[in-house]
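Reading the structure
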Amino acid sequence: MHPVPNATEIEAAVRLLRAGRLVAFPTETVYGLGANALDPEAVARIYAVKGRPPTSPLIVHVASIEMAQSLVTSWPEVANQLARRFWPGPLTFVLEKQPTIPSIVTAGLGTVGLRVPAHPIALELIRAAGVPLAAPSANRFTQLSPTTADHVRRSLGSDVDLILDGGPCEVGIESTVLDLSVEPPHLLRPGMVHNETLVAVIGAVSLGSGSKTELLKSPGQLAKHYAPRAKLALWSWKNEPELKQQVLKSGVATSRIHIIAHTHIPSDAELGRISVIPHDAEAFGRAIYAELHACDDAGAELIVVEGLPKTDEWRAIEDRLNRAAA
Ligand code: TXA
Ligand code: MG
């Protein structure tokens, strides 16, 4: 069992948040770097610590549908349907914001990203603080998101005032971001709440065009993002000799290559360090960031991830890995 924050730790976290300080907390997706969303100076601290450009809006975490409704100017019926089905959970709604949300939170946009995280510590923290918490993933800008408290500690160190340890994240990939301020709702970032599932609940969803305006609306869509230090490549191979060819062609010493496989598992240790994540999108999503962090720690120069199936349930993972490879 993982150490779980007790009442005293939550109290300490609340005191820090009220004083405008930063608290990293677990969610079901990745760890967040949290500040009081209604305090512009505290939010400015998030941008400073992350090294995040001020053009990149933050997600605001709330503990209930009512709390979300209090922060937006309109709450469409689709929001009701989706919240009932997916909240608490890894789905972020983008809606027109109330003026109570400082513009620094939304990078000057008239809309705000909102979600109720499915993690007891996150929910307890928001309730105890009594305010919504603005929180991006708790890593430096463009780097890999943290899925354990230790990842946060190693990325942000003493720049974060307190880290609540809630164990490894269950989902492991950042939330699906869906713009509900337009019709039909528009998918801004794929996540483990899949497009097909959304369509089944609300009928129609428009998909990312990847256009310039869209990039500005949702910078999580920037090409280089979610990246480990090592170079990352997605390769496919039918058999071991084929993989061996690609390894040779890369010119990287096999001692510095790390292969993450799920289906065609190599047996030859000469090819590099090999790890296996089950061929199951949920398990893969849960494990992949921790695996990439481990590759970096082991001094990998090249991380090879076995190509993924082109199906809906793998789309978010493929999106993150493509960005990490960019
Ligand atoms: O799972 C998650 O979403 C995690 C946990 C901590 O909740 N948070 C996270 O935050 O991934 P961050 O800041 O790394 O990514 C936020 C994403 C970005 O792609 C951003 O562009 C988009 O949400 N976003 C936030 N507010 C938006 C808005 N008003 N309009 C469009 N996109 C928005
Ligand atoms: Mg992030």
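Our structure is the block above this text.
Structural notes, computed from the coordinates. No experiment lies behind these values; they were computed from the predicted model shown. (Residues numbered from 1 in each chain as written. Chains lettered and ligands numbered in written order. Predicted model: local features only at pLDDT ≥ 70, side-chain atom pairs only at ≥ 80, totals over all residues. Heavy atoms only, no water.)

As enumerated under the stated definition, the model contains four aromatic pairs in all. Relative to W87, the ring of W75 has its centre 6.1 Å away and its plane inclined at 55°; by these criteria the two rings are tilted. Taken together, the positions of W75 in the loop between α3 (65-69) and α4 (77-86) and W87 in the loop between α4 and β4 (91-96) put the pair 12 residues apart, joining distant regions of the chain. Like W87, W75 is buried. (Phe/Tyr/Trp six-rings, centres within 6.5 Å; stacked < 30°, edge-to-face > 60°. Helix = DSSP H or I, 4+ residues; strand = E, 2+ residues; numbered from the N terminus. Buried < 20%, exposed > 50% of the residue type's maximum accessible area, 1.4 Å probe, protein only.)

Spatially, the four strands line up as an open sheet ordered β10-β13-β11-β12, and their pairing is parallel. Each end of this open sheet is capped by a strand with a single partner; those strands are β10 (231-235) and β12 (273-276). This sheet shows a mean twist of 20° between the axes of neighbouring strands, independent of strand direction. For strand β11 (residues 257-261) and strand β13 (residues 302-306), the ladder comprises four bridges, and the chain directions are parallel. Each residue of the ladder has a partner; that of H258, found in β13, is I303. On the sheet, helix α11 (residues 315-325) packs against β10 and β13 and is oriented at approximately 130° with respect to β10. (Pairing = 2+ DSSP bridges. Axes fitted to C-alpha atoms, helices over the stretch in contact; angles between N-to-C directions. Contact = heavy atoms within 4.5 Å.)

Below, the discussion takes up the side chain of E318. Residue placement: E318 occurs in helix α11. For E318, a relative accessible area of 16% corresponds to the buried category. In this structure the side chain of E318 is engaged in a polar contact, spanning 3.0 Å, whose partner is the side chain of K310. If we skip the residues at most four places from it in the chain, E318 touches L308 and K310. (Polar contact = N/O pair within 3.5 Å; in protein donor to acceptor, adjacent residues only side chain to side chain.)

Glancing now at helix α5 (residues 120-129). Taken as a whole, α5 has its buried residues at I121, A122, L123, L125, I126 and A129. Contacts made by the buried residues of α5 are with α1 (7-18), β1 (23-25), β3 (59-61), α3 and β6 (133-134). Among the residues trailing α5, G130 stands out with phi positive, at a value near 75°.

So, on to the pairing of strand β9 (residues 186-189). Of the pairings in the sheet, the one linking strand β8 (residues 176-179) to β9 comprises three bridges and is antiparallel in character. Within β9, the position partnered with L178 by the bridge is L187.

Our next topic: the packing of helix α10 (residues 281-297) against α11. Running from N to C, α10 and α11 point in directions that differ by 20°, and their axes come no closer than 10 Å. The pairing of α10 with α11 is recorded here as roughly parallel in orientation. Where α10 crosses over α11, the two elements pack in a sense that is left-handed. Mapping the contact onto sequence places A281, F284, G285, I288, Y289 and L292 in α10 and I317, R320 and L321 in α11. Across the contact of α10 with α11, the residue classes tally to seven nonpolar, one polar and one charged. (Parallel < 35°, antiparallel > 145°, perpendicular 65-115°, else oblique. Left-handed = near helix turned anticlockwise from the far one by under 90°. Nonpolar A, V, L, I, M, F, W, Y, C, P; charged D, E, K, R; others polar.)

These figures come from the coordinates and say nothing about function on their own.
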